[in-house]
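Next come the chains, spelled out residue by residue.
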Amino acid sequence: MAIKTAKTQWRDVVLVCRKCSKKLDGGFGPDGDKSLKKALRKYLKAGKGKKGELAVKETDCFDICPKNAVVAVNVARPKALLIFPAGADLFEVKARLGLDDDRRLKPSLKVVGDDA
């Protein structure tokens, strides 16, 4: 059987821990009632399916299991698993994940301990 490809419009793919999201039961967005996955999709106006510019997917546990927080990673930067506490500002989440939505400029952040 031949290997096939499926084209997408994705510029970025973010993986969010399903187990952390389930334990937290919301915590993100303006009202604090959305999961990180849903809040990011809405905030960045990601679009749906293969035609969207951003894919935010839930994945199995990263085995970090923080309390009152969710683990996420931008697959373009796999060396940094990020832990976002409940109620984290979505602008800060976007900046830390290295996402650019062409609507706002990213702040120049210096991550402590980051050698890059």
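As a reminder, the structure under discussion sits directly above these lines.
The rules behind each value
- Residues numbered from 1 in each chain as written.
- Predicted model: local features only at pLDDT ≥ 70, side-chain atom pairs only at ≥ 80, totals over all residues.
- Heavy atoms only, no water.
- Helix = DSSP H or I, 4+ residues; strand = E, 2+ residues; numbered from the N terminus.
- Buried < 20%, exposed > 50% of the residue type's maximum accessible area, 1.4 Å probe, protein only.
- Contact = heavy atoms within 4.5 Å.
- Axes fitted to C-alpha atoms, helices over the stretch in contact; angles between N-to-C directions.
- Parallel < 35°, antiparallel > 145°, perpendicular 65-115°, else oblique.
- Nonpolar A, V, L, I, M, F, W, Y, C, P; charged D, E, K, R; others polar.

When you go through the protein chain residue by residue, the secondary structure sums to three helices and four strands. In sequence order, the protein chain lays out its α and β elements as β-α-α-β-β-β-α. When each of the 116 residues of the protein chain is scored for burial, the buried share is 34%. Expressed as a percentage of contacts within the protein chain between residues at least 6 apart in sequence, the contacts between residues at least 24 apart total 60%.

Attention shifts here to the packing of helix α2 (residues 36-43) against helix α3 (residues 90-97). Where α2 contacts α3, the axes come no closer than 11 Å and their chain directions differ by 90°. Between α2 and α3, the interaxial angle falls into the category roughly perpendicular. Along the contact surface, α2 presents Leu36, Ala39, Leu40 and Tyr43, while α3 presents Leu90, Phe91, Val93, Lys94 and Leu97. Residues that form the contact of α2 with α3 fall into these classes: eight nonpolar, no polar and one charged.

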